[in-house]
Amino acid sequence: MRRFLIGFMVFMAAFFSFSSAKAEFRFGLLLVGPYNDHGWSQAHYEAGKELERELKGVKMIYIDKVNPADRPGITIPELVDDLADKGVKLIIANSDDMKDGIREAALEHPEIYFIHISGDDALTGKAPKNLSNLMGKMIYGKMMAGFVAGMTTKTGKIGYLGPLINDETRRLAVAAYLGARYAWVNVLHKDPKKLKFKVNWIGFWFNIPGVTADPTQVSKNFFNEGYDVVISGIDTTEALVVAGQMRKKGKEVWAIPYDYKGACKIAPDACLGVPYFNWKPGYKHFIEMAKSGKWKQEWLWLGPDWKDINNPETSSVGFVTGPALKPSVKKKLDKFIKGLADGKIQLFKGPLYYQDGTVFLKPGEVATDKQIWYMKKLLKGMEGQSAAK
């Protein structure tokens, strides 16, 4: 009898464990970098953990360092197969670098929903119906970053630490330049010819020794050449780390990190602020659709909630000011943000020209989302490559 009771208890425990697993809604998260990178991947990871806590019955399974250096020879479809075996119903791929692999996996797993971050397959019609795209409208955050850089620089030389070169990275660098130029010309009333804005690309979203340029050295080079503000466009915080080190040596320099709300903690005395992504609203939207069985394919490019750009429930893009930002500049920034919100300040408005002198926007022409999304070159007034060599 005792043996029977023990066997029955083991069976019931296994049954309830199986039932619990079936009741859970599991979603997978593929992160291109470390989950704790103080940047791009950590912003995604923390949004997933927040929703895991908030939404009943939702469980996240993540795999980080999904890149050729950390996982050589491992493909996206292989990782998706592993997540499928663990019972996931939705998979989020958080890098443009995963575009081809996640589309292939979506075709192989029609029973699973997929979100590709930053891509456009759902927009162009290349995606199967179980694949959607999500991105934050970071052009606004970069405009704010450029604005505070333009208001703060004393040398008139602003550096931009870029990752690889594509439509996304060009449009973000352009947005930062336009924000800096607006501050320099329209607020400080200085000669636009005396503003120097240079973009140096490292070759990937973060440092891969032997493959990319070293972002620490690129940041040092900027500061050593008289650039006193460096805006980061990469996933990690090297520019801010270097700025903090230089300030300890008495140099008056600043940096603006990227992606993650808490990035200023690395070197607060050098940090002017952070344009950051809040993935919670977008993730929640897709998880609830998939969980309820009401999925529909979408291409979403979500912007700030202009009522409160730092509202974690509603705003997909935000900007937090850093400890190094002067209160007087903070007031000017608030006014700038208000102008962006009500449309009185429109930076993507012609005349604007590409580096080679060809027309991007005619006089008075306001760019469409599609024109901004598919940014073909850097603009006249910016230094740096517009295309990979």
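Scoring rules and cut-offs
- Residues numbered from 1 in each chain as written.
- Predicted model: local features only at pLDDT ≥ 70, side-chain atom pairs only at ≥ 80, totals over all residues.
- Heavy atoms only, no water.
- Pairing = 2+ DSSP bridges.
- Helix = DSSP H or I, 4+ residues; strand = E, 2+ residues; numbered from the N terminus.
- Axes fitted to C-alpha atoms, helices over the stretch in contact; angles between N-to-C directions.
- Contact = heavy atoms within 4.5 Å.
- Buried < 20%, exposed > 50% of the residue type's maximum accessible area, 1.4 Å probe, protein only.
- Salt bridge = Lys/Arg side-chain N within 4 Å of Asp/Glu carboxyl O.
- Patch = residues over 30% accessible without salt bridge, like charges linked within 9 Å, V, L, I, M, F, W, Y side chains within 5 Å.
- Areas by Shrake-Rupley, 256 points an atom, 1.4 Å probe, with all protein chains shown as cover.
- Lys, Arg positive; Asp, Glu negative; His and termini not counted.
- Charge placed at Lys NZ, Arg CZ, Asp CG, Glu CD.
- Core = buried A, V, L, I, M, F, W, Y, C linked by side-chain atoms within 4.5 Å.
- Domains from an automatic or database assignment.
- Buried area = accessible area lost by both parts, 1.4 Å probe.
- Polar contact = N/O pair within 3.5 Å; in protein donor to acceptor, adjacent residues only side chain to side chain.
- Nonpolar A, V, L, I, M, F, W, Y, C, P; charged D, E, K, R; others polar.
- pLDDT = per-residue confidence, 0-100.

Once that is clear, we can look at the sheet that holds strand E4 (residues 113-117). Taken together, the 6 strands give an open sheet; going across it, the order is E2-E1-E3-E4-E5-E11, and neighbouring strands pair in parallel fashion. Because the sheet does not close on itself, it has two edges, and the strands there are strand E2 (58-63) and strand E11 (299-302). On average, each strand axis in the sheet is tilted by 20° relative to the strand beside it, whichever way the strands run. Sheet analysis places strand E3 (residues 88-93) next to E4, joined by 4 bridges and oriented parallel. Bridging across to E4, Ala93 finds its partner in His116. Sitting on the sheet, helix H2 (residues 40-54) touches strand E1 (25-30), E2, E4 and strand E5 (131-136), and the angle it makes with E2 is about 160°.

With 6 of 6 residues buried, E5 lies mostly within the body of the structure. Where burial is concerned, the two faces of E5 agree: the one with Leu131, Asn133 and Met135 and the one with Ser132, Leu134 and Gly136 are both buried. Two strands pair when backbone bridges link them, and E4 and E5 are joined in this way by 4 bridges, in the parallel orientation. Paired with Ile115 across the strands is Ser132, a residue of E5. For E5 and E11, the ladder comprises 4 bridges, and the chain directions are parallel.

Glancing now at the sheet that holds strand E6 (residues 157-162). What the 5 strands build is an open sheet, ordered E9-E8-E6-E7-E15; its pairing is parallel. Looking at strand neighbours, the two that pair on one side only are strand E9 (254-256) and strand E15 (382-383), the edges of this open sheet. The pairing of E6 with strand E8 (residues 229-232) spans 4 bridges and is parallel. Pairing of Ile158 across the sheet is with Val229, part of E8.

Side chains that differ in charge, positive against negative, can pair when their charged atoms come close. In total, this model carries 20 salt bridges according to the counting rule given. With a closest N to O distance of 2.9 Å, Glu54 and Lys284 form a salt bridge. Linking Glu54 in helix H2 with Lys284 in helix H10 (residues 280-292), this pair joins segments that are 230 residues apart in sequence. Its relative accessible area of 34% is what places Glu54 among the partly exposed residues. Among the residues examined, Lys284 registers a relative accessible area of 23% and is labelled partly exposed.

On to the side chain of Asn166. Its location among the elements puts Asn166 in the loop between E6 and helix H7 (167-187). Looking at Asn166, the relative accessible area reads 17%, which means it is buried. Beyond its immediate sequence surroundings of up to four residues, Asn166 is in contact with Asp96 and Trp205.

Moving on: a negative patch on the surface. A grouping of Glu78, Asp81, Asp85, Glu104 and Glu108 is seen on the molecular surface, where their side chains present a negatively charged patch. Of all the secondary structure elements, the ones that give two or more residues to the negative patch are helix H3 (76-85) and helix H4 (99-108). For the negative patch, the element with the highest residue contribution is H3, accounting for 3 residues.

Within the secondary structure, Ala387 is located in the segment after E15. Measuring from C-alpha to C-alpha, the distance between Ala387 and Lys376 comes to 8.6 Å, with 11 residues separating the pair along the chain. Ignoring any residue separated from it by four or fewer positions in sequence, one finds Ala387 in contact with Ile165 and Arg170.

Grouped together as the largest cluster of nonpolar side chains are 110 residues, with contacts concentrated most on Leu30, Phe197, Trp279, Tyr283 and Phe348. Per element, the largest residue contribution to this core is 10 residues, and it comes from H7. The two domains that each donate at least three residues to this core are domain 1 (25-136 + 279-302) and domain 2 (138-276 + 319-383). Excluding anything up to four places from it in sequence, Trp279 contacts Trp40, Ala43, His44, Ala47, Ile117, Leu134, Met135 and Gly136. Phe223, Tyr227, Val230 and Ala263 belong to the second largest nonpolar core, which has 23 residues in total.

What follows is about the domain arrangement of the chain. Assigned domains within the chain: domain 1 (25-136 + 279-302) and domain 2 (138-276 + 319-383). The interface of domain 1 with domain 2 comprises 23 residues on the first partner and 20 residues on the second. Each partner contributes to the roughly 1800 Å² buried at the junction of domain 1 and domain 2, and carbon and sulfur atoms together form 65% of this total. Its largest share of buried area at the contact with domain 2, domain 1 owes to His38, Trp40 and Trp301, together 34% of the area lost on that side. Across the domain 1-domain 2 interface, the total number found is 0 salt bridges. Applying the counting rule to domain 1 against domain 2 returns 7 residue pairs in polar contact (both at pLDDT 80 or more). Among the elements of the structure, H2, helix H5 (121-124), E5 and E11 are those that each provide at least two residues to the side of domain 1 that touches domain 2. At 4 residues, the largest contribution of residues to the side of domain 1 that touches domain 2 is made by H2. Of the residues that constitute the side of domain 1 that touches domain 2, the class distribution is 8 nonpolar, 10 polar and 5 charged.

Another aspect to go through is the environment of Ala180. Within the element layout of this structure, Ala180 appears in helix H7. Taking the C-alpha atoms as reference, Ala180 lies 23 Å from Met135; in sequence the two are 45 residues apart. Beyond its immediate sequence surroundings of up to four residues, Ala180 is in contact with Gly146, Phe147, Gly150, Ile158, Leu195 and Phe197.

To continue, consider the confidence of the model for the chain. Confidence along the chain averages 93 in pLDDT terms, with 94% of residues attaining 70 or more. For residues 1-21, every residue scores under 50 in pLDDT, and the model assigns this stretch 1 contact once sequence neighbours within four places are set aside.

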